[in-house]
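Fold and geometry: a report
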Amino acid sequence: MRHKFLSCFAILCIAFSSNAQKKNASYRYHIKKTTLPVTIDGIGDDEVWATTDVAKDFFMVLPMDTDKANEKSEIRMTYDDRNIYLLATFYNSTKGTNFVESLRRDFSFGKNDNFLLFIDPFNNQTTGFSFGSNAAGAQWDGTMFAGGSVDLNWDTKWVSEVTRDEEKWVFEMALPFKSIRYKDGVTEWGINFSRLDLKSSEKSSWTPIPRQFPTASLAYTGTLVWDRPPPAPKTNFSVIPYVLGTVERDLEIDGDAKTDAKIGGDVKFSLTSSLNLDLTVNPDFSQVEVDRQITNLDRFELFFPERRQFFLENSDLFADFGYPTIRPFFSRRIGLGVPIRAGARVSGNLDNNWRLGIMDMQTASIDATGLPSQNFGVVTLQRKVFSRSNIGLLFVNKQSFNYPNDADSLRTQFPKFNRNLGVEYNLASSNNLWNGKAFFLKSFAPQQVGNGVTQAAHLEYESRRWNWRIQQEWVGEEYTAEVGFVPRRGYVKFNSFLGHLFFPKRGKVVSHGPRLNTIYFFNEQFKQTDHTTFLEYLIDFRNRSSLNFFISDDYVELLDPFDPTQLGLAELDTGTKHRWNAFGWEFAARPQSLFTYSFEGRVGGYYADGERIRLATELGYRFQPYVSLSANLNYNHITLPEPWFTNDFWLIGSEVDITFTNKIFFANLFQYNEQTRNLNINSRFQWRYSPASDLFLVFTNNHGIEPFEQRNWTLTLKFTYWFNK
């Protein structure tokens, strides 16, 4: 059955992949070199702007993609030997105040009036860069991957300014050539411009884009035509050292206050115009935002995203192999409770068709637990095929050495090695309607246990009205990925969904329609172990609010003992069967309001013929553009037979985000988790005193609940500076 599925998938992949011309290649913007000075002040009165071409007459993308935009936008560009310059003017035909969340960098796209630039220097419709700003001047920058996704964890040096009046807001920027990567001698890049105006509930684009796709879709970019090749890329060398001091106290161990000082840093070096070498020595991630806590009622390990800067640039090359629940490489496995001594990464484009990623990280040993020093190596190679598809190869190696002693128990607990080798094909049609994936992975371990395979594939179609997907997975019982995220093994899974949208010609609803989802799990002998089927109805309103309903049917045969409360009270037996139904809803209010809110709920059955009610809400208020307040409340009420009886779980999170300017930020996160009996406070002050250079002051405090007593606290002062040549 698996082989037949893959054969059909391969035929469809070939059928839907073609070398068709880029959809919007006829939209061309001609950029000309200037010798005139350009002052970045957000005013745009420099002489050069009167002589450039103008990109205007934007197309509406949302709420509907059938007409030109109502809000007028104009883009002008020029360049000299050092920088690319851009001037964007956005007129307000809809009167009112511009909506912004704050002055924080890399803002939430849907909660701000904003402008974004998407550039594809290799014209491969797969990778690129994004820059932009909201209407208050907060900057946005990131690398682009997978044809339309943006990694906002990437930072580079560039400058911009914004001015506003009742009639318009103006954005002006200077982007150094050395801050991006591109191929020498090429005179045509992919480019597009996107505007979101919340006052009018309108999203628009310079080139026409179907409403079901993001304006970041590189398949729909136009063409930036240079009057001569841009300046030849030069060697870019950056050193980013840091120094920090820490004071911490752990009352659960000895209660003594301890101080520590560290130095380290990163080095960035351009091997070619599009291939970077990154080095890190004694890295520190104390300024990284803490994880959002979750009420854990799941049978399997929960996923928490990577937030450490070094692992995030070009992370799609390493971390996107496989599926979210079948990841052969998950960087959070590196440095988990152990110091990282050093690391190196080579990543980027070899040419228009090839991408390369190599990473090597070395961790220290821990004598107290017997954990040996370990080396983590990853090699990935990606080849573009057809117009936008690619074939990828991945090798992951975790190697332990210098065991503290020769005890066999340590080698069992910390195996000598674990390796994964895999290949995958990613389908992306030239018109973006079709996407898919097929991959195969093999794991290697010192013993027979751990030597296994996994394989999966899917195909998806998304037009304006229809959206469907079929997917199949098989994870062998012996498959292991010690540097990956694979919470479940020994199963075969089939899942699919089918959805349709209706578009009323008038009224407050812009689209509505049903979607049927089915998920079936079997063991490797094809005996069903669990399934979920749910029917949902999706409603989107013209003011950008949304409302969804669902009904579901669930069945579970437990493969291992399981405590349905995760409180350690008792466990349901392996092999017991459980079935229930549920009803749920989700509403998100329009993001234009100063007061925003969403709420969701679920009412229905649970394990052991029990009942579960879940209610959640997110509330927000902004004193724009300086203060943004938000609160998340999550409540679970579970009724079960003895010995669990009735349990209530509250999870409360609150954020106070203060942005004094677009360079000085003060973020505060408070989290109360009744299930883990913990109250957490995390405060981060950041001053970006120079482009890509920061001063951080971070305070973290954990308190126990019942009894209410302090567990530990940490105060860190960190200073970084970006030396760039």
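This section reports on the structure supplied with the text. (Residues numbered from 1 in each chain as written. Predicted model: local features only at pLDDT ≥ 70, side-chain atom pairs only at ≥ 80, totals over all residues. Heavy atoms only, no water.)

**Describing the packing of aromatic side chains**
- Scanning the model with the defined rule gives 46 aromatic pairs in all.
- Counting every residue linked through ring pairs, the aromatic cluster contains Y27, F59, F90, F115, W169, F171, F193 and W206.
- Positioned above the aromatic ring of F59 is the side chain of K68, whose terminal nitrogen or guanidinium carbon lies 4.8 Å from the ring centre. (Phe/Tyr/Trp six-rings, centres within 6.5 Å; stacked < 30°, edge-to-face > 60°. Lys NZ or Arg CZ within 6 Å of the ring centre and 35° of its normal.)

**Describing the side chain of D278**
- Relative to the assigned elements, D278 resides in strand 16 (residues 275–281).
- Here K268 takes part through its side chain, which lies 2.8 Å from a polar atom of the side chain of D278. (Helix = DSSP H or I, 4+ residues; strand = E, 2+ residues; numbered from the N terminus. Polar contact = N/O pair within 3.5 Å; in protein donor to acceptor, adjacent residues only side chain to side chain.)

**Observations concerning the pattern of salt bridges**
- All chains considered together, the criterion is met by 34 salt bridges.
- Measuring nitrogen to oxygen at the nearest pair gives 3.6 Å for the salt bridge that ties K437 to E424. Of this pair, K437 sits in strand 22 (residues 434–444) while E424 sits in strand 21 (residues 417–428), and the two are 13 residues apart along the sequence.
- Owing to a relative accessible area of 7%, E424 belongs among the buried residues under this scheme.
- A salt bridge links E557 to K527; the shortest N-O distance between them is 3.5 Å. On the criterion of sequence distance, the pair formed by E557 in strand 28 (residues 546–557) and K527 in the loop between strand 26 (509–522) and strand 27 (528–541) is long-range, its members being 30 residues apart. (Salt bridge = Lys/Arg side-chain N within 4 Å of Asp/Glu carboxyl O. Buried < 20%, exposed > 50% of the residue type's maximum accessible area, 1.4 Å probe, protein only.)

**A word on the pairing of strand 15 (residues 257–270)**
- In this structure, strand 14 (residues 237–250) lies alongside strand 15, joined through 13 bridges in antiparallel fashion. Bridged to P241 within strand 15 is G265.
- Between the end of strand 14 and the start of strand 15, which pair antiparallel, lie 6 residues, with G255 showing a positive phi angle near 80°.
- Here strand 15 folds back onto strand 16 in antiparallel fashion, the turn holding 4 residues. (Pairing = 2+ DSSP bridges.)

**Some remarks on the environment of G147**
- In this fold, G147 is placed in the loop between strand 7 (139–145) and strand 8 (149–151).
- Overall, G147 belongs to the buried group, its relative accessible area being 5%.
- For the pair G147 and H500, spaced 353 residues apart in sequence, the C-alpha separation works out to 24 Å.
- Residue contacts for G147: discarding those within four places in its chain leaves Q125, T126, A216, S217, L218, A219 and R388. (Contact = heavy atoms within 4.5 Å.)

**With respect to the pairing of strand 6 (residues 128–134)**
- Here strand 6 lies mainly inside the structure; 7 of its 7 residues are buried.
- Burial of strand 6 is two-sided: the residues G128, S130, G132 and N134 facing one way and the residues F129, F131 and S133 facing the other way are all buried.
- As paired strands, strand 5 (residues 114–120) and strand 6 are joined by 6 bridges and run antiparallel to one another. Counted as the bridge partner of N114 is N134 from strand 6.
- Counted between consecutive antiparallel strands, the loop separating strand 6 from strand 7 contains 4 residues, among which G137 sits at a positive phi close to 105°.

**A closer look at the environment of R622**
- Positionally, R622 belongs in strand 31 (residues 610–623).
- Those residues in contact with R622 that sit more than four places away from it in its chain are F99, V100, E101, K111, P591, Q592, S593, L594, T596, V627 and S628.
- Of the polar contacts made by the side chain of R622, one reaches the backbone oxygen of V100; its length is 3.2 Å.
- A distance of 3.4 Å separates a polar atom in the side chain of R622 from a polar atom in the side chain of Q624.

**Overview of a negative patch on the surface**
- Among the surface-exposed residues, E477, E478, E524 and D560 lie close enough to one another that they form a single negatively charged patch.
- Summarising the element assignment, E477 is placed in the loop between strand 24 (466–475) and strand 25 (491–500).
- By relative accessible area, E477 is classed as partly exposed at 41%. (Patch = residues over 30% accessible without salt bridge, like charges linked within 9 Å, V, L, I, M, F, W, Y side chains within 5 Å. Areas by Shrake-Rupley, 256 points an atom, 1.4 Å probe, with all protein chains shown as cover. Lys, Arg positive; Asp, Glu negative; His and termini not counted. Charge placed at Lys NZ, Arg CZ, Asp CG, Glu CD.)

**Focus on a nonpolar patch on the surface**
- A grouping of I358, V379, I391, L393, F395, L421, V423, F440 and F444 is seen on the molecular surface, where their side chains present a nonpolar patch of about 690 Å² in accessible area.
- For the nonpolar patch, the elements supplying multiple residues, two or more each, are strand 20 (389–401), strand 21 and strand 22.
- Among the elements that take part in the nonpolar patch, strand 20 stands out by supplying 3 residues, more than any other.
- Considering the arrangement of structural elements, one finds L421 in strand 21.

**Overview of the nonpolar core**
- Within the largest apolar cluster, 37 residues are counted, with the highest numbers of intra-cluster contacts made by I75, M77, L86, F115 and F193.
- Secondary structure elements with two or more residues in this core: strand 1 (28–33), strand 3 (73–79), strand 4 (83–91), strand 5, strand 6, strand 10 (168–176), strand 11 (188–197) and strand 13 (222–226).
- Residues contacting L86, with those up to four places away along its chain left out, are W49, I75, R76, M77, F115, L117, F171, E172, M173 and F193.
- Grouped together as the second largest cluster of nonpolar side chains are 26 residues, L317, F321, A456 and A481 included. (Core = buried A, V, L, I, M, F, W, Y, C linked by side-chain atoms within 4.5 Å.)

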